Amino acid sequence: MENTQIELKTYRAELHLHTVLSPCAAVEMIPPLIIQEAEEKGINLIAVSDHNAIENISAVMQAAHGTTVTVLPAMELQTREEIHSLCLFDTLEQITDFYDRLRPTFPEIRNNVDYFGEQFVVDATGDFVRREERLLITSSSLSLKDAWELTTDHGGLLIPAHINRSAFGLIPILGFIPKDIPLEVLEISHHINPEQARANYPQLTGYYLIQNGDAHQLSEIAGFNRFHIAEPSIAEFKLAFHRSAGRFHELIASQNAK
Ligand SMILES: [Zn+2]
Ligand SMILES: [Zn+2]
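The rules behind the values
- Residues numbered from 1 in each chain as written.
- Chains lettered and ligands numbered in written order.
- Predicted model: local features only at pLDDT ≥ 70, side-chain atom pairs only at ≥ 80, totals over all residues.
- Helix = DSSP H or I, 4+ residues; strand = E, 2+ residues; numbered from the N terminus.
- Rg over C-alpha atoms; globule rule 2.2 N^0.38 Å.
- Buried ≥ 20, exposed ≤ 12 C-beta atoms within 10 Å, placed from the backbone.
- Contact = placed C-beta atoms within 7 Å.
- Pairing = 2+ DSSP bridges.
- Axes fitted to C-alpha atoms, helices over the stretch in contact; angles between N-to-C directions.
- Arc of directions from axis to C-beta.
- Parallel < 35°, antiparallel > 145°, perpendicular 65-115°, else oblique.
- Left-handed = near helix turned anticlockwise from the far one by under 90°.
- Nonpolar A, V, L, I, M, F, W, Y, C, P; charged D, E, K, R; others polar.

Looking at this model, I keep getting lost on the overall build of the chain. Mind explaining?
Each helix and strand in the chain was counted, giving eight helices and 11 strands. Against the compact-globule benchmark of 18 Å for 258 residues, the chain has a radius of gyration of 18 Å, which places it among compact chains. Considered along the principal axes of its C-alpha atoms, the chain spans approximately 60 × 45 × 40 Å. Burial status across the chain gives 45% buried among its 258 residues. Contacts in the chain between residues far apart in sequence, at least 24 positions, make up 70% of those at least 6 positions apart.

As structure tokens, then:
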């Protein structure tokens, strides 16, 4: 009988990192250095997730051409509850459409560079293109539920970020995980291991947990996730989280627990 089994590949993934577009990111977070750092660490899949913006994603994708690193488009979205979520997509077209719908839901507040930091749009070599004038670390008027629907409608996957962190984390802010949103995957901070997290927060039962570096500087690019999937895509991630069709995901982060 012909063997029709799909060949699975292993991806070590950092799904939460910021470029110089995020005001809190270091100036070293430019496309070529991000890709070089990932390659040196054996990380072959990254998601670029700036705060409430997408303008540097294509530059990082271009910088990854010809390397071992695949780049997925993402955003770290702040909803009106002041909760942060990773919104991951397969294609630039998807996230661009998503952003077009999202953009009017942010307040028009100018960045105060001295207070918040620079917000640079750069090219694939890291050269300056322009300053983003809109302050990016604000809340959308969308609720978490609305954001989940908008993300899903555009083919994306919404994962509440660093849910145990007091700043912008779902659990400290809401005190519970909303049951009216079909969340499946949650990101816990890397300062706690999944066993500790489940012991501390019984409400995590039934949710899949991931961890990321939430990298604001090169040294924080961590790659705690290992996926065994056919290709880097939202559909394959979901199969892996469900341990379906031979796909699976494992965390290689628990050594970071303090
Ligand atoms: Zn955050
Ligand atoms: Zn972040």
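Let us keep going from here.
I keep staring at unusual backbone geometry and nothing clicks. Help me out?
Of all residues except glycine, most have a negative phi; of all peptide bonds, most are trans. Of note, Asp214 is a non-glycine position whose phi angle comes to about 45 degrees, a positive value. With respect to the secondary-structure elements, Asp214 resides in the loop between strand E9 (208-211) and strand E10 (225-229). Classification of Asp214 by C-beta neighbours within 10 Å gives buried; the count is 23. Backbone geometry places Arg243, a non-glycine residue, at a positive phi of 50 degrees. Structurally, Arg243 can be placed in the loop between helix H8 (234-241) and strand E11 (248-251).

Any chance you could explain the sheet that holds strand E4 (residues 84-88) here in plain terms?
The mixed open sheet is built from seven strands, whose spatial order is E7-E4-E3-E2-E1-E10-E11. Edge positions in the open sheet fall to strand E7 (157-160) and E11, since each of these has one partner strand only. Averaged over all pairs of adjacent strands, the angle between their axes in this sheet comes to 25 degrees, without regard to strand direction. Sheet topology places E10 next to E11; four bridges connect them, and they run antiparallel. Each residue of the ladder has a partner; that of Phe227, found in E11, is His249. The sheet strands contacting helix H2 (residues 57-64) are strand E2 (45-51) and strand E3 (70-78), and the helix crosses E3 at an angle near 160 degrees. The sheet strands contacting helix H5 (residues 144-153) are E3, E4 and E7, and the helix crosses E7 at an angle near 150 degrees.

I keep staring at the pairing of E10 and nothing clicks. Help me out?
Looking along a regular strand, one sees side chains alternate from face to face of the sheet. The alternating pattern of E10 places Asn225, Phe227 and Ile229 on a buried face and Arg226 and His228 on a face that is not buried. In terms of strand pairing, strand E1 (residues 9-17) meets E10 through five bridges, oriented antiparallel. Looking across to E10, one finds that Tyr11 is bridged to Phe227.

Could you clarify how one ought to interpret H5 in this entry?
Given 3.6 residues per turn, any residue in an α-helix points the same way as the ones three and four places further on. Buried within H5 are the following residues: Leu144, Ala147, Trp148, Leu150 and Thr151. Taken end-on, H5 shows its buried residues confined to a sector of 165 degrees, consistent with a single buried face. Summarising the contacts, the buried residues of H5 are in contact with E3, E4, helix H3 (92-102) and E7. Once H5 finishes, Gly155 follows within two positions and takes phi at roughly 80 degrees, a positive value.

Please clarify how H8 should be interpreted in this entry.
Among the residues making up H8, those that are buried are Glu236, Phe237, Leu239, Ala240 and Phe241. For H8, the elements touching its buried residues are E7, strand E8 (185-188), E9, E10 and E11. Two residues or fewer after H8 comes Arg243, characterised by a positive phi angle close to 50 degrees.

Looking at this structure, how should I read the packing of helix H1 (residues 31-40) against H2?
Each packed pair of helices is defined by two parameters, the angle between the axes and the distance between the axes. Packing of H1 against H2 leaves a shortest axis separation of 8 Å and a crossing angle of 55 degrees. With respect to their mutual orientation, H1 and H2 come out oblique. You can see that H1 and H2 cross each other, and the crossing is right-handed. Along its contact with H1, which presents Pro31, Pro32, Ile34 and Ile35, the element H2 presents Ala59, Val60, Ala63 and Ala64. Among the residues making up the contact of H1 with H2, the classes are represented as eight nonpolar, no polar and no charged.

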